[in-house]
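# Inside the fold
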Amino acid sequence: MKLKAIIDRIKQETGLDEQSILELIDKKQKELDNLITKEGAAILVAKEFGIKLEFPNKQRLQIRNLVPGLKNVSVVGRVFKITEPIEFEKNGNKGKLVKLYVGDETGYFILTLWNDQVSYVEEKLIKLGDVIEVKGALVKENMYGEIEINLGKYGLIKKSNASLPSLEELEKLHFQSYKKANIVELKPGYYEVSGMIVHIFKSNYIFEFCPICKSRIEAHYCKQHGNVEPNYSIILNTLLDDETQTIRVVFFNETASKLLGMDASEFLGIEDKESFLREKILGKEVIVKGKVRKNPIFNRLELLADSVEYLNIDKATNELASVLL
Ligand SMILES: [Zn+2]
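Residues numbered from 1 in each chain as written. Predicted model: local features only at pLDDT ≥ 70, side-chain atom pairs only at ≥ 80, totals over all residues. Heavy atoms only, no water.

Moving on: the environment of V79. Tracing the backbone shows V79 in strand β1 (residues 73–82). Along the chain, V79 and L100 lie 21 residues apart, while their C-alpha atoms are 6.4 Å from each other. Those residues within four positions of V79 in sequence are excluded, and the remaining contacts are L100, Y101, V102, I126, K127, L128, G129, D130, I132 and L167. (Helix = DSSP H or I, 4+ residues; strand = E, 2+ residues; numbered from the N terminus. Contact = heavy atoms within 4.5 Å.)

Printed below as a string of structure tokens:
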């Protein structure tokens, strides 16, 4: 708080004029052998009048600045998603966990509560929409490249009254909107990128799924459900290049059908799928919206497409022309 603001506040509360207040401040400073600043002396004078000064919050740590490996961190955010508690058994011991998605305007982290800590949620001490401060946190990265926080041994959670975006704003910001970005800028999260399909990775391209349990099966046989008439899905693994970098993009089911202009059963009937794909999509420019995550096996980022559109060259050049003219 600046000296001027403190003086104004004392003026308001006491009716003294500025000159008198300045004298009081000087006196206080001398009393303390000039060991404190004018501002510090002004705070003490205000205190003697019983005036409560409000200090702006210490600058809060922005969530985007959390990096794996940080220990004993204090961070504030709003809980905008809580998963169902999961019970599990490990080495004969029963355990429980729940995950909270906690965000601010710059990012989000996943707070994992284990065993007894799950009661924070079960007893509604923490609810959806609450702003919380997590203290004594350990920051790490989960297998999908998202920031995850565990409470350390001395960690704790308390409610905070920091002012943060609303629940709806956070959901929209982190889960329902795709940020436009260059491939080189991608991190785990939701993005829109455009680029050229420069490679199609060889595979069977089409896979069988059990119509009952939806798991991947082979030769019309599900381990759980025996012989079934499978559903088919197309999976295309491609490489997208936007000249800043490349990323693997996976088109599955509807997005793959959209790209090919046909459904899985039609694609199934095509004999030389490889040539067909080369002809149809290789070298084409597309706009892809989807989720970027780290592939847990290969430890690299990949984009799972939620939607895809061919980049309409005419539209793009028209837009450019309208900007330039
Ligand atoms: Zn099945």
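Moving on to the domain arrangement of the protein chain. Think of interface size as the accessible area that goes away when the parts come together; that is how it is often given. Each assigned domain of the protein chain is listed with its residue range as follows: domain 1 (3–48), domain 2 (63–165) and domain 3 (178–324). Distance between the C-alpha centres of domain 1 and domain 3: 67 Å. (Domains from an automatic or database assignment.)

What follows deals with the environment of E31. Considering the arrangement of structural elements, one finds E31 in helix α2 (residues 18–31). In the structure, E31 is positioned 241 residues away from D272 in sequence and 92 Å away in space, judged by C-alpha atoms. At 3.2 Å, the side chain of E31 and the side chain of K28 are in polar contact. (Polar contact = N/O pair within 3.5 Å; in protein donor to acceptor, adjacent residues only side chain to side chain.)

Let us now look at the pattern of salt bridges. Within the structure shown, the criterion is met by 14 salt bridges. Here K4 and D8 are joined by a salt bridge, their closest N and O atoms 2.9 Å apart. Taken together, the positions of K4 and D8, both in helix α1 (residues 3–14) and four residues apart, correspond to about one turn of that helix. Using a relative accessible area of 52% as the deciding quantity, one classes K4 as exposed. Linking E302 and R293 is a salt bridge whose minimum nitrogen-to-oxygen distance equals 3.7 Å. Residues joined by salt bridges that share partners form a network here, namely K28, E31 and E48. (Salt bridge = Lys/Arg side-chain N within 4 Å of Asp/Glu carboxyl O. Buried < 20%, exposed > 50% of the residue type's maximum accessible area, 1.4 Å probe, protein only.)

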